Amino acid sequence: MNLELQGITKRFGSLVANDHIDLSVTPGTIHALLGENGAGKTTLMNILYGLTQPDEGTILADGKPLTIHSPKDAIAAGIGMVHQHFMLVPVFTVAENVTLGDEETRALGLLDRRRMRRKVRELSERYGLRVDPDALTGDLPVGVQQRVEILKALVRDAQVLILDEPTAVLTPGETEDLFRIMRELRASGRAIVFISHKLKEVQAIADTITILRRGRVVGERPRHTSEDELAALMVGRSVQLRVAKTAAKPGRVMLDVRDLVVPGGHEGLPGAEHTAAVNGLSFRVRAGEILGVAGVQGNGQTELCEALMGLLPVTSGSVHLNDHDITNAAPAMRLRSGIGYIPEDRQQDGLVGSFPVSENLILDTYNRPPFASGPALNLGEIRATAERRVKEFDIRTQSISAPVETLSGGNQQKVILAREVGREVRLLLASQPTRGLDVGSIEFVHRRIIEERDKGVAVVLVSSELDEIYALSDRIAVMYEGRFTGFRPPDVPVEELGLLMAGIGGIGTPGDGAADSSERTPPGDSANAGPGSLEQPDSPERTSPGAVQPDGPGPPEQAPPGATGPPEPAEPAGSTERAGSTGAAGSDGDDPTVTVGKPT
Amino acid sequence: MTTLAATGRIPLSVSRRFLAPATLLVLGLVDILVFGKYAHHGDATFAFSQPFAKVTVPNLKVPAAETAYALGAATIVLAALRVMDLGKVVRRLSIGLALAFFVIALLCWAYGGSVNSFNVINQFQGTLADSIPLILGALAGCLCERSGVINIAIEGQLLIGAFAGAIFASAFGVLWLGLIAGSLAGGLIGLLLGVFAITYLVDQIILGVVLNVFVSGLTGYLYDKVLIPYSNTLNSPSTYLPIKIPLLGDIPIIGPVFFDSTLFLYITYVLIVAVQVGLFSTRWGLRVRAVGEHPAAADTVGISVKLTRYRNVILAGLVAGIGGAFLTIGSVGSFGKDMSSGKGYIALAAMIFGRWTPLGGVGAALLFGFTFELQSILSTVNVPVPSDFLLMVPYVATIIAVAGLVGQVRAPAADGQPYITS
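Please read these numbers as outputs of a predicted model, since none were measured by experiment.

Reading guide: rules and limits
Residues numbered from 1 in each chain as written. Chains lettered and ligands numbered in written order. Predicted model: local features only at pLDDT ≥ 70, side-chain atom pairs only at ≥ 80, totals over all residues. Heavy atoms only, no water. Helix = DSSP H or I, 4+ residues; strand = E, 2+ residues; numbered from the N terminus. Rg over C-alpha atoms; globule rule 2.2 N^0.38 Å. Buried < 20%, exposed > 50% of the residue type's maximum accessible area, 1.4 Å probe, protein only. Contact = heavy atoms within 4.5 Å. Lys, Arg positive; Asp, Glu negative; His and termini not counted. Charge placed at Lys NZ, Arg CZ, Asp CG, Glu CD. Areas by Shrake-Rupley, 256 points an atom, 1.4 Å probe, with all protein chains shown as cover. Pairing = 2+ DSSP bridges. Right-handed = clockwise from strand over helix to strand, strands pointing away. Patch = residues over 30% accessible without salt bridge, like charges linked within 9 Å, V, L, I, M, F, W, Y side chains within 5 Å. Salt bridge = Lys/Arg side-chain N within 4 Å of Asp/Glu carboxyl O. Domains from an automatic or database assignment. Buried area = accessible area lost by both parts, 1.4 Å probe. Polar contact = N/O pair within 3.5 Å; in protein donor to acceptor, adjacent residues only side chain to side chain. Nonpolar A, V, L, I, M, F, W, Y, C, P; charged D, E, K, R; others polar. Expected span 1.5 Å × (residues − 1). Axes fitted to C-alpha atoms, helices over the stretch in contact; angles between N-to-C directions. 1 Å grid on protein atoms, 1.4 Å probe; cavity = no way out; pocket = protein on both sides within 12 Å on 5 of 7 lines; lining within 4 Å. Points joined across faces, edges and corners; volume = space filled by probe spheres on them. Core = buried A, V, L, I, M, F, W, Y, C linked by side-chain atoms within 4.5 Å.

**Notes on the overall build of chain B**
Here's step 1: Each helix and strand counted, chain B has 17 helices and five strands in total.
Here's step 2: Taken over C-alpha atoms, the radius of gyration comes to 23 Å for chain B, in line with the 22 Å a tight globule of 422 residues would show.
Here's step 3: With the principal axes as the frame, chain B shows a C-alpha extent of 75 × 70 × 40 Å.
Here's step 4: In chain B, which comprises 422 residues, the share counted as buried stands at 51%.
Here's step 5: Of the contacts formed within chain B by residues at least 6 apart in sequence, a portion of 76% connects residues at least 24 apart.
Here's step 6: Counting 23 positive and 17 negative side-chain charges, chain B places the centres of these two groups 10 Å from one another.

**Observations regarding the overall build of chain A**
Here's step 1: Tallying secondary structure elements over chain A gives 21 helices and 22 strands in all.
Here's step 2: Looking at chain A as a whole, 57% of its 600 residues qualify as buried.
Here's step 3: For chain A, contacts bridging at least 24 residues in sequence account for 68% of all contacts bridging at least 6.
Here's step 4: Roughly 23600 Å² of accessible area belongs to chain A as shown, and the carbon and sulfur atoms make up 53% of that amount.

**Let's talk about the pairing of strand S20 (residues 458-462) of chain A**
Moving residue by residue along a regular strand, the side chains alternate between the two faces of the sheet.
Residues and elements named next belong to chain A.
Here's step 1: Most of S20 sits inside the fold, with five of its five residues counted as buried.
Here's step 2: Residues of S20 alternate between two faces, with Ala458, Val460 and Val462 on one and Val459 and Leu461 on the opposite face, all of them buried.
Here's step 3: In this structure, strand S13 (residues 290-294) lies alongside S20, joined through four bridges in parallel fashion. Within the sheet, the bridge partner assigned to Leu291 lies in S20 and is Val460.
Here's step 4: Summarising the sheet, strand S19 (residues 427-431) and S20 pair through five bridges and their orientation is parallel. Note that in S20 the partner of Ser431 across the bridge is Val462.
Here's step 5: The β-α-β motif built from S19, the intervening helix H15 (residues 439-454) and the parallel element S20 has right-handed crossover chirality.

**Points about a nonpolar patch on the surface**
Here's step 1: Residues B:Leu192, B:Phe196, B:Tyr200, B:Val202, B:Phe214 and B:Leu218 make up a contiguous nonpolar surface patch of about 510 Å² in total accessible area.
Here's step 2: Positionally, B:Tyr200 belongs in the loop between helix H7 (175-199) and helix H8 (204-227).

**Some remarks on unusual backbone geometry**
Residue and element names in this part refer to chain A.
Here's step 1: The omega torsion across Pro369 and Pro370 is 5 degrees, close enough to zero to call that bond cis.
Here's step 2: Looking at the element boundaries, Pro370 is found in the loop between helix H12 (357-360) and strand S17 (372-373).
Here's step 3: Phi angles above zero are rare outside glycine, and Asp323 is one such case at about 70 degrees.
Here's step 4: Residue placement: Asp323 occurs in the loop between strand S14 (316-321) and strand S15 (324-325).

**Considering the environment of B:Val89**
Here's step 1: Following the sequence through the fold, B:Val89 ends up in helix H4 (residues 88-111).
Here's step 2: Each C-alpha atom, one on B:Val89 and one on B:Ile104, is 22 Å from the other, the two residues being 15 residues apart in sequence.

**Points about the domain arrangement of chain B**
Residue and element names in this part refer to chain B.
Here's step 1: Under the domain assignment used here, chain B contains domain 1 (1-116) and domain 2 (122-366).
Here's step 2: The interface of domain 1 with domain 2 comprises five residues on the first partner and six residues on the second.
Here's step 3: Summed over both partners, the interface of domain 1 with domain 2 comes to about 480 Å²; 54% of that surface belongs to carbon and sulfur atoms.
Here's step 4: The three residues of domain 1 that bury the most area against domain 2 are Gln50, Lys54 and Val55, which together make up 70% of that side's buried surface.
Here's step 5: The interface formed by domain 1 and domain 2 includes zero salt bridges.
Here's step 6: On the surface where domain 1 and domain 2 come into contact, there are zero residue pairs in polar contact (both at pLDDT 80 or more).
Here's step 7: The residue inventory of the side of domain 1 that touches domain 2, partitioned by class, reads three nonpolar, one polar and one charged.

**Details of helix H6 (residues 172-187) of chain A**
Here's step 1: Taking 1.5 Å as the rise per residue, H6(A) with 16 residues should run 22 Å; its terminal C-alpha atoms sit 23 Å apart, in good agreement.
Here's step 2: Inspection of H6(A) places A:Gly173, A:Glu174, A:Thr175, A:Asp177, A:Leu178, A:Phe179, A:Ile181, A:Met182, A:Leu185 and A:Arg186 among the buried residues, and these make up the whole buried set.

**Focus on the domain arrangement of chain A**
Here's step 1: Domain assignment breaks chain A into domain 1 (3-235) and domain 2 (347-423).
Here's step 2: Each of domain 1 of chain A and domain 2 of chain A has a C-alpha centre, and these two points are 40 Å apart.

**Brief notes about the sheet that holds strand S4 (residues 56-61) of chain A**
Residue and element names in this part refer to chain A.
Here's step 1: Taken together, the four strands give an open sheet; going across it, the order is S2-S1-S4-S5, and neighbouring strands pair in antiparallel fashion. Whereas interior strands pair on both sides, the edge strands pair on one side only; in this sheet they are strand S2 (15-25) and strand S5 (64-66). On average, each strand axis in the sheet is inclined to that of its neighbour by 30 degrees, with strand direction left out of account.
Here's step 2: Bridging between strand S1 (residues 3-12) and S4 involves five bridges; their strand directions are antiparallel. Of the residues in S4, the one forming a bridge with Glu4 is Leu60.

**Side note on empty space enclosed by the protein**
Any space left empty among the atoms is revealed by the rolling of a water-sized probe across them.
Here's step 1: Inspection of every chain in the model, using the stated rule, returns eight cavities of 30 Å³ or more.
Here's step 2: Volume-wise, the largest cavity comes out at about 90 Å³.
Here's step 3: Around the largest cavity sit 13 residues that line it, and A:Tyr49, A:Met81, A:Ala153, B:Thr300 and B:Val301 are the ones nearest its centre.
Here's step 4: In terms of residue class, the lining of the largest cavity is built from seven nonpolar, three polar and three charged.

**Focus on the side chain of B:Glu373**
All names here are of chain B.
Here's step 1: Inspection of the secondary structure assignment puts Glu373 in helix H16 (residues 358-378).
Here's step 2: At 10 Å, Lys343 is the nearest oppositely charged side chain to Glu373, a buried residue that forms no salt bridge.
Here's step 3: Excluding anything up to four places from it in sequence, Glu373 contacts Asn122, Gln123, Gly126, Thr127 and Asp130.

**Some details on the pattern of salt bridges**
Here's step 1: Summed over all chains, the structure comprises 42 salt bridges over all chains.
Here's step 2: A:Asp394 is the partner of A:Arg396 in a salt bridge, and the nearest nitrogen-oxygen pair spans 3.3 Å.
Here's step 3: Classification of A:Arg396 as exposed rests on a relative accessible area of 58%.
Here's step 4: Judged by its relative accessible area of 34%, A:Asp394 is partly exposed.
Here's step 5: When the shortest N-O distance is used, the salt bridge between B:Asp224 and B:Lys337 registers 3.0 Å.

**Description of the sheet that holds S14(A)**
All names here are of chain A.
Here's step 1: Read from one edge to the other, the open sheet built from four strands follows the order S12-S11-S14-S15, with strand pairing classed as antiparallel. Across the chains shown, the open sheet's two edge strands, defined by having one partner strand only, are strand S12 (276-286) and S15.
Here's step 2: Relative to S12, strand S11 (residues 253-263) is paired through eight bridges, and the arrangement is antiparallel. By the bridge assignment for S12, Pro263 is matched with Ala276.
Here's step 3: Each of S11, S12 and S14 touches helix H9 (residues 301-308); the most contacted strand, S11, lies at about 120 degrees to it.

**Details of the nonpolar core**
Residue and element names in this part refer to chain B.
Here's step 1: If you look at the biggest cluster of nonpolar residues, it comprises 74 residues, and the most contacted ones within it are Leu139, Leu179, Phe264, Ile329, Phe335 and Phe368.
Here's step 2: Broken down by secondary-structure element, the contributors of at least two residues to this core are helix H5 (120-146), helix H6 (154-172), H7, H8, helix H11 (263-281), helix H14 (305-332), helix H15 (343-353) and H16.
Here's step 3: With twelve residues, H5 is the largest single contributor of residues to this core.
Here's step 4: Sequence-distant contacts of Ile329, defined by excluding residues within four places in its chain, comprise Gly165, Ala166, Ala169, Leu175, Gly178, Leu179, Pro237, Ser238, Thr239, Tyr240 and Phe264.

Structure, rendered in structure tokens:
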């Protein structure tokens, strides 16, 4: 089906989300829609899927006008959509989710589960989307859930498939797998619309790239367009994709975490309340270095940060900041002792949306001089500080008394950054600091984080964006199911990180075994420290991104990942991941924190 | 890599682990130290047939004190077993057995040395009758909450069903008209709940309470102003008489309990099956549950969230209304002020106790019905316990059940959350 959008316009109040957009999608191609957050990509696709009605414009299918008032119409027209936030019922089986709305029934509306199952199985075999129809959807790894979403569209015989930011939740391995599926679907003659803001992915998979900026189409390019050109089109000016940084000069140990265990229970799935989200982590961060914590979302990163900030109780283990035990200190104490915190969800945890910018800038220090004298706020000083910081951090706001919720995401993040590094900070905890930000703001935030490092602040950077991890980290730790599966230098190949993120390899590898044991030995006893070791020699060579690795068991010895082969999470119920994890369990056997967790 | 992946859970915390054995131990000690020790000398008699039954089963006589001692000892053994944690089946069984032992020991104490016998058939027959409004209320709760709307208004639906049932059956002299009117009245409250919860996004808990107060006030006012002055015409309906099902009704023990009752019990049977099968084995149920768990997912595959919710909320009202009608025309006849007396809330508790499943709710409702009936039978014998305390029994049982035994339950994920589309 040849799908054509003509002059689509959608306004939300005074904001023009889509401004006369023309787009043409041809069968058998992958068409990327590239743009920053807020460029109008999702709005456009929601219009195409009937979730939003356009103010102007027409949609043509094979030249004939198409009216889409609801997802039902879109489905009938052969349009399928895989949403960024999965539209799957976690407590349903895969077969139930796939056939929902299009169920197989017998008399009286009784479900014919056998036929539902068969349908799913047939489809999944035809397109190499392996998944067990009887598995409970909520138990599946994210990558497999995404397959279920794709199957949902295919079962309705979608000829045009919209994928909204499909790679945001995937490991590199899973992304590769998704690309394979996309190519297969393309070969079957379907049209795929691939929404993304990641340049590399777009270049890797798309046949045609349409770039959106502020609701307008600003260009259409073939796949071989350079990254710089695409970035410039996206942002509207040339941008520095990777912030320059010098080698780190690590100083004394600032943060020392030992055998940290933090209870879970955030997920809301049955059983989640009994699992530990952070399960025996030990690591150190030195002044003047950035430890990047990579990993797919939901592997305990959130809980780690919240525990370090004192927002979650710690089951066992200890946290020392600058040689002071802060394991059970209150958040206010931690702020005072010099932790800066950029929370993952800035609107929820970082800002008070209805407060003005000026007050949001002093949320942490409002009760101390110079902002307070006794019980009274020193409004003059608050205003003066706000003016200064707004200028210094280039916060774009109408005034310092504008409610912070009226600012764009990037500027909101700058408010948080300005506040958190505005006081004396020893440790900066940055969790997903650039999520949802445009390329320009990302550049700014990255530069400030590196500046803080160079001032001698220890930085823990938690990010699920590998680009960000590579751009900033002096050391990389990969988190999987509440543990670090390994520490790596910043020039580790992305494939290896991907395996670690999927829980494959890691602790089992020789180099890491050393690292793992050294994690549990007292400080100073680091004779067998490898590149993944906790105790880093103070040699500078490792810390510059481009530097050669002269010592230790380097990449050649990382054989196991290679031997295991590429991650194949396609197994029903994600058994490969499980296999990887059970393999690792052997090395954990003597870990006291694990035996606590074992059913007796 | 760890228990995270391997088993997905770690055992219950220590306090929680010893809570259940400790409870069992206390029950066992009460069996022995209270019921056994203070039982009158002599036998307790249990009767298993009603007078004039075609087939009779002989009465059972047991020595009261000795039986209570034995049951107490058995309960303590269960407590010990429970400490060892022998799996789910043993866990469930141990609680059930301990409660059964407790009740039998209680009866031994109450009837020991008495000339009266405790009629088991009457107890179970009464249990079923007392459970009807609770079961229908719990089914109504399931229907409503599975689609994602919290239904606190079951109480009001029962009350208005009772009210309408009495008036219509009395005024027209036609019983089934009362049944239909009661059901429709409940449905009307459901519609109100729907309009405010689904269309106007009012907080559903507050809304439910408001509706209950509204119904209580309305029926109370009309009762004073209309039903009392005209009680002969408007508030003196006849009641449904028991219908004995041929053959099945003659089976000893089972027959009189399950197959010799009013139309309401048979309607309840049908509705239990219909709701259970409907929710879990039909297309309709799959869609309802999808709407209750993840409305956006349902919406994106073309299922109307609002329509589904409206339909279910009204259906729930209709079902609860039947339960309300039972209170008058299925049971005592005339309407009395606030006669639902918290049964709607108990039904709600039964639904939660039953983990939002129809069958689970039915089980819980039967448990509560059993305590209601036990209390009313005990109040007729000379038990040295003030009747006020006996009246508390069903409610205390509700609290213990919900707080102690239910533990962690999971409501439908979108329960109580309005669905707003842009």
